[in-house]
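Commentary on secondary and tertiary structure
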Amino acid sequence: MSGFDPVRSFRKLAYNNALANVRLHNACASLQPGEFEAKRTSFFPSIKWTLNHILTVDWFYVDALEGGTLGLKAFDIEEPFERLDELSRQQAEVDRRLVAFCESLTPEVAMQIVDIQRGGRIQRERADDVLNHLFQHQTHHRGQVHAMLSGTSVPPPQLDEFIVADDARFRGGELAKLSWDETKLMR
C-alpha cells in the first residue's frame with residue numbers, strides 16, 4: 001500500500017467544495033433583479049438565505065477545526081450579507097481556509113478531538129467526523145440552491161462532477177478563478 005494517503009479524500013472534498021461554490025455563486029451572479037432574494041420553496045425560503053446559511057455554518061465549523069472559539073457567534077446575524085458579491089467574497093475566504101486546513105491534514109490530526117463551542121457546552125468530536133459532517137451539510141444545502149435556481153432565469157450549474165482527471169475539461173474557468181491548476185487537484 002505504499003503511496004496511499006489516508007487524508008487525500010479530505011483534500012479532494014475541500015477542492016470540490018470550493019469548485020462547487022464558485023460554480024454556484026457564478027450562476028447566482030447572473031440572476032435577474034429580485035430573483036436572489038425571492039421567496040421559494042426549500043428549507044430556507046430563498047437563495048440568499050440558503051447561501052448565507054452555508055456561509056455561517058462554514059464559519060462555525062472551520063473556526064472550530066482551526067482551534068478557534070467563535071462558536072454560536074457565527075450565527076448572530078442569520079443573513080449577514082444582503083448582496084451576493086460580498087457573500088461570494090466571504091464564501092471564497094472560508095473555502096480557502098478549509099482547503100488550507102485539509103492540505104495540512106495528517107492522519108494524526110484527523111483523529112484529534114475538536115472542541116466545538118455550543119454556548120453553554122463544548123461538543124467534542126474527531127476532526128475527520130467534523131469534516132465529513134461539514135462536507136455533507138454543504139452538499140445538502142447547495143443542492144437546495146441548485147433546485148431553487150431551476151425556478152429562475154438562470155439554469156442550475158453542473159455540481160455533481162467530482163475532482164477526477166477526466167473532468168478536467170469542464171473546470172478550466174473555475175480553476176483559473178481559484179488560481180489552481182490540475183496538478184493541485186490530482187495530488
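Before reading on, note that the structure itself is shown above.
Below, the structure is looked at part by part. As the structure is a prediction and not an experimental result, all values here were calculated from the model. (Residues numbered from 1 in each chain as written. Predicted model: local features only at pLDDT ≥ 70, side-chain atom pairs only at ≥ 80, totals over all residues. Heavy atoms only, no water.)

1. What about helix α2 (residues 47-65)?
Stated precisely, the cut-off is as follows: Where helices and strands are cited, they refer to DSSP runs of H or I of at least four residues and of E of at least two residues respectively, numbered from the N terminus. Every helix has an expected span of 1.5 Å times one less than the residues it contains. The classification of residues rests on relative accessible area computed with a 1.4 Å probe and restricted to protein chains. Under 20% of the type maximum is buried, over 50% is exposed, and intermediate values are partly exposed. Two N or O atoms form a polar contact when they lie within 3.5 Å of each other; inside protein one atom must be a possible hydrogen donor and the other a possible acceptor, and for residues adjacent in sequence the pair counts only when both atoms belong to side chains.
In this model α2 runs 27 Å from its N-terminal to its C-terminal C-alpha over 19 residues, within 8% of the 27 Å that 1.5 Å per residue would give. Most of α2 is tucked away, with 18 of its 19 residues classed as buried. Looking at where α2 begins, the residue whose side-chain oxygen comes 3.5 Å from the main-chain nitrogen of K48 is S46. One or two positions beyond α2, positive phi appears at G67, with a value near 90°.

2. Some points on the side chain of D128
Cut-off, in case you're wondering: The contact criterion used throughout is that any non-hydrogen atoms of two residues lie within 4.5 Å.
Turning to its location among the elements, D128 is positioned in helix α5 (residues 127-149). A residue is classified by how much of its surface remains accessible, and D128, at 13% relative accessible area, is buried. Here R126 takes part through its side chain, which lies 2.6 Å from a polar atom of the side chain of D128. Every residue in contact with D128, bar those within four places of it in the chain, is listed here: F10 and A110.

3. A short note on unusual backbone geometry
Positioned with a positive phi, S179 is a non-glycine residue whose angle comes to about 60°. Looking at the element boundaries, S179 is found in the loop between α6 (172-178) and α7 (182-186).

From the geometry alone we can't say anything about function, so treat these as descriptive.
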